[in-house]
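One-letter residues, chain by chain:
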Amino acid sequence: AAFVDPLKRHQDNLAGTHGNTQVPKMVGSAARYLYTGDGGDLLAASFFWDTVVQHHTYATGGHGMNEYFGRPDELGARVDGRTSESCNVYNMLKLTRLLFAVYPDPHYADFLERALFDHVLGSIDPEDGRMCYMVPVGRAVQREYQDMFRSFTCCVGSGMENHALHGLGIYYESGDKLWINIYAPSTAEWTQAGARLKMETDFPEGESVKISLTMEKPRDFVLALRRPWWATRDFLVKINGQPLPPEALAPPSKSNNPQYAFAEKAKEKTSYYVEIKRQWKTGDVVELTLPKVLHLEPAPDDPTIVAIMWGPLVLAGDLGPERERPRRAEGAQPASKPAEPRPAAPVLVAAPRPVNEWVKPVADKPGIFRIIGVGRTLTNPETITEVDLVPFYRLHRRTYSGYWDYISEQEWAKRLAAHRAAEERKKAIEAATLVLFQPGDTKAEQEFNFQAGEKIVAARVMGRNSRRGPTWFSFDLPTQGATSLVLFVTYYTDERQPEMRFDILAEGQKVSEEKVERVASPRFVEKEYPLPVNLVQGKTKITIGFQAQAGSEIAPVVEVRLLRK
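It should be emphasised that the depicted structure is a prediction, and the values quoted were computed from it without experimental measurement.

Participant: For this particular structure, what's the right way to read the packing of helix α3 (residues 39-55) against helix α4 (residues 86-102)?
Facilitator: Direction vectors running N to C along α3 and α4 enclose 125°, while the axes themselves pass 11 Å from each other. With respect to α4, the element α3 is oriented oblique. Both α3 and α4 take part in a crossing whose hand is left-handed. Between α3, through Leu 42, Ala 45, Ser 46, Phe 48, Trp 49, Val 52 and Val 53, and α4, the contact on the second element is made entirely by Met 92, Leu 95, Thr 96, Leu 99 and Val 102. Among the residues making up the contact of α3 with α4, the classes are represented as ten nonpolar, two polar and no charged.

The following block contains the structure:
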């Protein structure tokens with residue numbers, strides 16, 4: 001009730017909640033409406049769907065970071081990391097199919113197409129059938145395949161179901177009307193109408209669809225073909241070889257009233273149905289042409305973070321083989337072996353040029369494109385980097401980018417200057433470092449006498465080890481005879497906790513209080529704490545501790561350095 005009741009009032013209360021705990025509730029709410037007729041159940045489920053799809057969803061149809069919802073329309077800073085859990089998409093598709101059955105709106109079918117052809121098809125390794133826990137969408141990321149003999153997350157179970165349900169949602173029927181939502185090779189037995197349909201298509205890479213009908217006897221009914229919003233003006237429908245006239249392909253009535261100008265413009269991003277009413281007979285053939293064009297889909301809050309789209313397909317940049325992941329040892333400790341460094345994701349210095357000026361198709365390779373002349377990296381700024389683009393669902397066992405930085409030459413110059421300044425600062429910190437300790441690293445914790453209270457957990461955040469929890473932990477750092485020292489700590493902000501309050505201790509004495517607050521996008525933050533000389537003088541090592549304040553916890557501590565002041 002705490003979650004569902006606000007949704008009935010159309011209040012978005014998703015931020016900070018666990019994604020796949022909430023979506024199944026809404027599937028149940030929609031199903032309950034069918035049995036009880038309680039309008040509140042349908043209000044909650046449909047508002048939830050609208051909110052997730054229109055304000056929390058990435059270009060691939062997935063949502064969430066580290067399994068949790070963020071704030072609405074704040075996606076630009078949340079595209080990197082562990083995004084798009086597969087269970088969430090599985091249950092969103094279940095909810096989508098149910099809501100379409102209640103109210104056949106093409107916007108539901110738009111999501112069905114996007115989530116199916118981008119996320120779902122991309123969530124299974126075509127070579128050995130491994131399922132993906134996460135199917136990340138960000139820059140220089142890779143998929144989280146599940147080793148079936150070592151890990152069996154919920155996404156393995158729902159993943160098996162996902163790939164047995166591809167046919168659900170392609171066709172719907174009611175009375176004398178048949179809807180076709182998804183263009184995929186399939187057959188349908190419409191028993192009530194005595195009709196059998198066979199769909200043949202080379203979609204999604206191709207653009208041709210052929211639907212053949214076999215009838216027990218001639219019959220009148222309406223065939224409703226979804227015209228996708230991404231299909232260009234060359235969209236075409238033929239019946240028995242004869243093209244339908246342009247007026248038959250036009251969207252529903254347009255209004256000349258200027259008050260509705262915004263609503264009419266919004267229709268440009270929503271599909272509609274071309275309804276063909278006639279007497280159908282055996283041998284009738286319907287053919288469609290579904291032309292796709294390149295376009296950019298920016299994050300709602302940041303036009304410089306974009307996905308490159310080809311029709312409904314996200315094009316992912318191939319950045320090379322996937323990196324080896326360190327295996328987690330038995331128990332709670334993460335593996336001590338560090339992960340391989342991520343390759344640099346090129347920045348696209350192309351704004352405001354249109355995408356078809358710098359993304360070109362590769363000859364004789366349908367669906368393959370190449371970014372030409374605009375890719376730059378901060379580590380090698382003088383070199384132009386060209387990247388192959390592949391439909392997102394086909395790019396397996398590779399490091400890839402689903403989103404990109406799309407900026408101007410002026411912004412590039414600013415970023416390059418900031419990067420060089422940060423590199424100089426990093427060198428200064430390295431030069432001043434006496435000792436470096438990385439919490440969560442098994443070998444380092446043994447070396448530095450790590451001690452901890454209850455519920456102190458090890459966790460990986462953005463590819464790095466950390467320690468966090470609601471009690472305390474401590475470790476010993478050698479001073480190397482220095483007395484003027486600064487404790488330099490790297491924390492990770494957390495989207496789940498509004499704020500985390502804790503004390504920093506040296507030799508059992510509090511030297512500072514800290515508060516790490518939740519931000520729109522979790523990130524690493526650095527803090528400095530000068531250590532009192534009297535606590536260090538005459539000692540070869542110093543015990544550093546973190547103590548959670550009452551009712552709160554210690555933020556994830558990723559790295560601790562002892563610096564010369």
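Participant: What's the story with α3 in this structure? I'm lost.
Facilitator: Structural remark: α-helix, 3.6 residues per turn; residues separated by three or four positions point the same way. For α3, built from 17 residues, the straight-helix expectation of 24 Å at 1.5 Å per residue is met to within 8% by its first-to-last C-alpha distance of 23 Å. Those residues of α3 that fall on the buried side of the exposure criterion are Gly 40, Asp 41, Ala 44, Ala 45, Ser 46, Phe 47, Phe 48, Trp 49, Thr 51, Val 52 and Val 53. Elements that come into contact with the buried residues of α3 comprise α1 (4-8), α2 (19-36), α4 and α5 (106-120). The N-capping residue of α3, defined by a side-chain oxygen 2.9 Å from the backbone nitrogen of Gly 40, is Asp 38.

Participant: Even after reading the chapter, I still don't get the side chain of Thr 17, so can you show me in this structure?
Facilitator: With respect to the element layout, Thr 17 can be found in the loop between α1 and α2. On the basis of relative accessibility, which here comes to 16%, the residue Thr 17 falls in the buried class. Polar contacts involving the side chain of Thr 17 include one to the main-chain carbonyl oxygen of Leu 14, which spans 2.5 Å. Leaving out residues up to four positions away in the same chain, Thr 17 has contacts with Phe 3, Gln 22, Glu 67, Tyr 68 and Phe 69.

Participant: Honestly, helix α9 (residues 409-432) in this entry has me stumped. Any pointers?
Facilitator: For α9, spanning 24 residues, the distance from its first C-alpha to its last is 35 Å, which sits close to the expected 34 Å at 1.5 Å a residue. Within α9, burial applies to Trp 412, Leu 416, Ile 429 and Ala 432.

Participant: Whenever I open this one, the layout of surface pockets confuses me. Can you help?
Facilitator: Which parts of space are left empty comes out when a probe the size of a water molecule is rolled across the atoms. Considering only enclosed or pocket space, the second largest pocket measures out at about 960 Å³ in volume. In terms of lining residues, the second largest pocket is bounded by 34 residues, among which Val 53, Gln 54, His 107, Arg 114 and Lys 269 are the most central. Residue assignment for the lining of the second largest pocket shows that the elements contributing at least two residues are α3, α5, α8 (261-266) and β11 (294-299). Grouping the constituent residues of the lining of the second largest pocket by class yields 18 nonpolar, seven polar and nine charged.

Participant: Could you clarify how one ought to interpret a nonpolar patch on the surface in this entry?
Facilitator: On the surface, a cluster of nonpolar side chains totalling about 490 Å² of accessible area is made up of Leu 34, Tyr 35, Val 102 and Tyr 103. With respect to the helices, strands and loops of the structure, Leu 34 is situated in helix α2. Accessibility expressed as a relative area gives 48% for Leu 34, which makes it partly exposed.

Participant: Would you take a moment to explain the side chain of Asn 465 for this structure?
Facilitator: Looking at the secondary structure, you find Asn 465 in strand β23 (residues 464-469). There is a polar contact of 2.8 Å between the side chain of Asn 465 and the side chain of Arg 460.

Participant: What should I look at first to understand empty space enclosed by the protein in this one?
Facilitator: Applying the stated criterion to the full structure yields one cavity of 30 Å³ or more. By volume, the largest cavity is sized at about 70 Å³. In terms of lining, the largest cavity is formed by Leu 93, Arg 97, Leu 112, Leu 116, Val 120, Asn 162, Leu 165, His 166 and Leu 168. Of all elements in the fold, only α4 and α5 reach the threshold of two or more residues within the lining of the largest cavity. The biggest single contributor to the lining of the largest cavity is α5, with three residues. Residue classes in the lining of the largest cavity are distributed as six nonpolar, two polar and one charged.

Conventions and cut-offs
- Residues numbered from 1 in each chain as written.
- Predicted model: local features only at pLDDT ≥ 70, side-chain atom pairs only at ≥ 80, totals over all residues.
- Heavy atoms only, no water.
- Axes fitted to C-alpha atoms, helices over the stretch in contact; angles between N-to-C directions.
- Helix = DSSP H or I, 4+ residues; strand = E, 2+ residues; numbered from the N terminus.
- Parallel < 35°, antiparallel > 145°, perpendicular 65-115°, else oblique.
- Left-handed = near helix turned anticlockwise from the far one by under 90°.
- Contact = heavy atoms within 4.5 Å.
- Nonpolar A, V, L, I, M, F, W, Y, C, P; charged D, E, K, R; others polar.
- Expected span 1.5 Å × (residues − 1).
- Buried < 20%, exposed > 50% of the residue type's maximum accessible area, 1.4 Å probe, protein only.
- Polar contact = N/O pair within 3.5 Å; in protein donor to acceptor, adjacent residues only side chain to side chain.
- 1 Å grid on protein atoms, 1.4 Å probe; cavity = no way out; pocket = protein on both sides within 12 Å on 5 of 7 lines; lining within 4 Å.
- Points joined across faces, edges and corners; volume = space filled by probe spheres on them.
- Patch = residues over 30% accessible without salt bridge, like charges linked within 9 Å, V, L, I, M, F, W, Y side chains within 5 Å.
- Areas by Shrake-Rupley, 256 points an atom, 1.4 Å probe, with all protein chains shown as cover.
- Salt bridge = Lys/Arg side-chain N within 4 Å of Asp/Glu carboxyl O.

Geometry only, nothing functional implied.
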